[in-house]
Amino acid sequence: MPSNTISTVGFALAILTSQVLGRKCHLTTTVSHRQNSACGYGSCIAGDTFIGSGVLEIDGDVKWDGDGANYDKLSNGDGVDVNAGGVKFHIDALGIPDVQDKPSCRVHIGDYMNLGKQDVDDIGLPGVVGEDFDCTHDWNC
């Protein structure tokens, strides 16, 4: 009988642990500088668009939609502190897309640092040139 009790307790603990630690966090952050040339039937209108954003999903549900993030903070500023869905972390600045060739993809979760997957894209849409920095992070939260 004692071995059955130990097995049952171990099984229950395994289920509880998987439910507590089984949450998946997925974070995407982006910094973009786009130079737009909007040409229509008249003259071309040049302009710059600066984007700094992020999205945190926990188990597929959006818990943070970039609130508090902007280009200045995420390009070369102090980064962004996030407290969403019970998960607290700090996103380091990614860098300035027009100056660097790859983003810094660091997220600090307490004393732990998560290095994300880096991606750099040249924007080649009609009438738009520029560069995007994207960082993707996945971790158990």
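Residues numbered from 1 in each chain as written. Predicted model: local features only at pLDDT ≥ 70, side-chain atom pairs only at ≥ 80, totals over all residues. Heavy atoms only, no water.

### Things to note about the overall build of the chain
- On a plain count of helices and strands, the chain comes out with two helices and nine strands.
- Written out in order from the N terminus, the α and β elements of the chain read α-β-β-β-α-β-β-β-β-β-β.
- Looking at the 141 residues of the chain, the share that counts as buried comes to 33%.
- If you take every contact in the chain between residues at least 6 apart in sequence, the share linking residues at least 24 apart comes to 48%. (Helix = DSSP H or I, 4+ residues; strand = E, 2+ residues; numbered from the N terminus. Buried < 20%, exposed > 50% of the residue type's maximum accessible area, 1.4 Å probe, protein only. Contact = heavy atoms within 4.5 Å.)

### Observations concerning the pairing of strand β5 (residues 87–91)
- Within β5, four of the five residues are buried, which leaves the element mostly enclosed by the surrounding structure.
- Hairpin remark: strand β4 (residues 80–84) followed by β5, antiparallel, with two residues in the connecting loop; positive phi at glycine 85, about 60°.
- Here β5 pairs with strand β6 (residues 106–109) via two bridges, running antiparallel. Bridge assignment links histidine 90 to a residue of β6, and that residue is histidine 108. (Pairing = 2+ DSSP bridges.)

### Considering the state of the cysteines
- All told, the structure shown has two disulfides when counted by the stated rule.
- Here cysteine 105 connects covalently by a disulfide to cysteine 135, the sulfurs 2.0 Å from one another. Its S-S torsion of approximately -70° makes the covalent link between cysteine 105 and cysteine 135 left-handed. Highlighted residues: cysteine 105 in the loop between β5 and β6 and cysteine 135 in strand β9 (residues 128–140), separated in sequence by 30 residues. The exposure classification of cysteine 105 matches that of cysteine 135, with both residues buried. (Disulfide = S-S within 2.5 Å.)

### Some words on the nonpolar core
- Leu27, Leu56, Trp64, Phe89 and Ile91 are the most contacted members of the largest nonpolar core, which has 21 residues in total.
- For this core, the secondary-structure elements that each account for two or more residues are β1 (24–38), β2 (45–58), α2 (71–75), β4, β5 and β9. (Core = buried A, V, L, I, M, F, W, Y, C linked by side-chain atoms within 4.5 Å.)

### Some remarks on the pattern of salt bridges
- According to the stated counting rule, one finds two salt bridges in the structure shown.
- In this structure, aspartate 132 and arginine 34 form a salt bridge, with 3.5 Å as the shortest nitrogen-oxygen distance. In this pair, aspartate 132 sits in strand β9 while arginine 34 sits in strand β1, placing the two residues 98 residues apart along the sequence.
- Relative accessible area serves as the criterion here: at 10%, aspartate 132 is assigned to the buried category.
- Exposure remark for arginine 34: the relative accessible area of 26% places this residue in the partly exposed category. (Salt bridge = Lys/Arg side-chain N within 4 Å of Asp/Glu carboxyl O.)

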